[in-house]
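Examining the three-dimensional arrangement
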Amino acid sequence: MKWITREKVKVDRVACPWLIKKFVDPEAEFLFVPVAQVTARAEELGATPFDIEGCELGHHGEDVSFNSILKKYKLTDPALLLLGEIVRAADSRPSNPHRAGEGLRWIAHGFSALGFNDHEILNSEFIVYDALYAECRRQVGIGEARR
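Residues numbered from 1 in each chain as written. Predicted model: local features only at pLDDT ≥ 70, side-chain atom pairs only at ≥ 80, totals over all residues. Heavy atoms only, no water.

1. A few points about the side chain of Asp 12
- If you trace the backbone, Asp 12 turns up in helix H1 (residues 11-24).
- Among buried Asp, Glu, Lys and Arg side chains, Asp 12 stands out as unpaired, with Arg 6 the closest opposite charge at 6.7 Å.
- With near-sequence residues (within four places) excluded, Asp 12 lies in contact with Pro 17, Asp 51, His 59, Val 64, Ser 65, Phe 66, Val 87 and Asp 91. (Helix = DSSP H or I, 4+ residues; strand = E, 2+ residues; numbered from the N terminus. Buried < 20%, exposed > 50% of the residue type's maximum accessible area, 1.4 Å probe, protein only. Lys, Arg positive; Asp, Glu negative; His and termini not counted. Salt bridge = Lys/Arg side-chain N within 4 Å of Asp/Glu carboxyl O. Contact = heavy atoms within 4.5 Å.)

Below, the structure is given as structure tokens:
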């Protein structure tokens with residue numbers, strides 16, 4: 001399946017591909033295009049848009065796209081829900097942000113500052129989300145992280 005979003009990825013547009021690859025669609029292919037092209041290219045390619053204004057898998061209220069994907073695909077793992085709170089805090093300004101969000105925001109902006117392209121950022125930063133997920137599992141008392 002193809003998934004499409006805005007180019008120049010940061011927090012939510014890295015977290016979502018990680019979530020999709022790990023828990024929704026292991027064979028997912030991600031496309032990053034200028035924001036003005038997302039809708040047309042999604043229709044042209046039969047791709048699922050995410051993290052763009054007005055799409056189903058976007059921001060809704062205080063939820064970020066990561067939270068929308070959790071809900072749509074009925075992902076209820078407590079560690080993923082906790083990770084969703086961290087992503088929300090890093091990507092937006094929720095009323096009650098998780099304290100780890102600020103660190104994740106710094107990491108995301110740091111990867112962006114390295115000058116990597118969008119796919120290089122995904123390849124490099126997925127390990128950060130693996131580590132965060134492992135810690136979320138520990139925090140909620142699940143134990144060993146799923147690989």
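2. Overview of the nonpolar core
- Residues Trp 18, Leu 19, Phe 66, Val 87 and Tyr 129 are the most contacted members of the largest nonpolar core, which totals 37 residues.
- At the level of elements, H1, strand S2 (29-33), helix H3 (65-72), helix H4 (78-91), helix H5 (101-113) and helix H6 (118-139) are the ones that each hand at least two residues to this core.
- Considering every element that reaches this core, the biggest residue donor is H1, with eight residues.
- Leave out the neighbours within four places in its chain, and Phe 66 touches Asp 12, Ala 15, Cys 16, Trp 18, Leu 19, Leu 80, Leu 83, Gly 84 and Val 87.
- In terms of nonpolar packing, the next biggest core, distinct from the first, is built from eight residues, Ile 4, Val 33, Ala 42 and Cys 55 among them. (Core = buried A, V, L, I, M, F, W, Y, C linked by side-chain atoms within 4.5 Å.)

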